[in-house]
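Results of the structural survey
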Amino acid sequence: MSSQVEETLLALLSQLRDKESISPNDLAKTLDAENWQRELPKIRGVIIGLARQGRVDVLRKGKPVSPEGLKGVYRVRLAADAEGELPE
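Residues numbered from 1 in each chain as written. Predicted model: local features only at pLDDT ≥ 70, side-chain atom pairs only at ≥ 80, totals over all residues. Heavy atoms only, no water.

1. Considerations on the nonpolar core
- By size, the foremost hydrophobic cluster in this structure holds 20 residues, and its most contacted members are Leu9, Leu27, Ile43, Ile47, Val58 and Val76.
- Residue assignment for this core shows that the elements contributing at least two residues are α1 (2–14), α2 (24–31), α3 (40–52) and β1 (56–60).
- With 6 residues, α3 is the single largest residue contributor to this core.
- Each residue touching Val58, except ones within four places of it in the same chain, is listed here: Ile47, Ala51, Lys63, Pro64, Val65, Pro67, Leu70, Tyr74 and Arg75. (Core = buried A, V, L, I, M, F, W, Y, C linked by side-chain atoms within 4.5 Å. Buried < 20%, exposed > 50% of the residue type's maximum accessible area, 1.4 Å probe, protein only. Helix = DSSP H or I, 4+ residues; strand = E, 2+ residues; numbered from the N terminus. Contact = heavy atoms within 4.5 Å.)

2. Describing the packing of α2 against α3
- Two elements in contact, α2 and α3, have axes separated by 10 Å at closest approach and are oriented at 120°. Regarding the angle of α2 to α3, the classification is oblique. As for how α2 packs across α3, the hand of that crossing is right-handed. Contact residues: Pro24, Asn25, Leu27, Ala28 and Leu31 in α2; Leu40, Ile43 and Ile47 in α3. (Axes fitted to C-alpha atoms, helices over the stretch in contact; angles between N-to-C directions. Parallel < 35°, antiparallel > 145°, perpendicular 65-115°, else oblique. Left-handed = near helix turned anticlockwise from the far one by under 90°.)

3. Comments concerning the sheet that holds strand β3 (residues 75–78)
- Strands sit in the order β2-β1-β3 across an open sheet of 3 strands; the sheet is antiparallel. Two strands lie at the open edges of the sheet, namely β2 (63–65) and β3, each paired on one side alone. For this sheet the average axis-to-axis angle between neighbouring strands, irrespective of direction, equals 50°.
- The sheet contacts of α1 involve β1 and β3, and relative to β3 the element is tilted by about 70°. (Pairing = 2+ DSSP bridges.)

4. Some details on the pairing of β1
- Most of β1 is tucked away, with 4 of its 5 residues classed as buried.
- Where β1 meets β3, 4 bridges bridge the pair, whose relative direction is antiparallel. In the strand pairing of β3, Val56 is matched with Leu78.
- Where β1 and β2 come together, 3 bridges link them in antiparallel fashion. Opposite Leu59, over in β2, you have Pro64 as the bridge partner.
- Once β1 ends, the chain turns through 2 residues before running back antiparallel as β2, passing Lys61 with a positive phi of about 50°.

5. Comments concerning the pattern of salt bridges
- Going through the model one piece at a time under the given rule, you end up with 5 salt bridges.
- Measuring nitrogen to oxygen at the nearest pair gives 3.1 Å for the salt bridge that ties Arg55 to Glu6. One end of the pair, Arg55, is in the loop between α3 and β1; the other, Glu6, is in helix α1, and 49 residues separate them in sequence.
- In this structure, Glu39 engages Lys42 in a salt bridge whose closest nitrogen and oxygen atoms are separated by 3.3 Å. (Salt bridge = Lys/Arg side-chain N within 4 Å of Asp/Glu carboxyl O.)

Below is the structure:
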């Protein structure tokens, strides 16, 4: 299932313009419209893994943050190209 989550996430992100992001809820609703809340723990794990690999950025209030200890409201986007933005 996590490969499906990863594939779907990357497909959704690739459709966005540069610097745009999505909510994990949007991804969850794409995967399972009726029971989307059940998907959120899997999605969080996939996002953390991709962030550790440098493939996506995790954002809080529009700023990149470290995926470690991720909780609360956040968004995700494709990793920024070396623009000097470092996770907080």
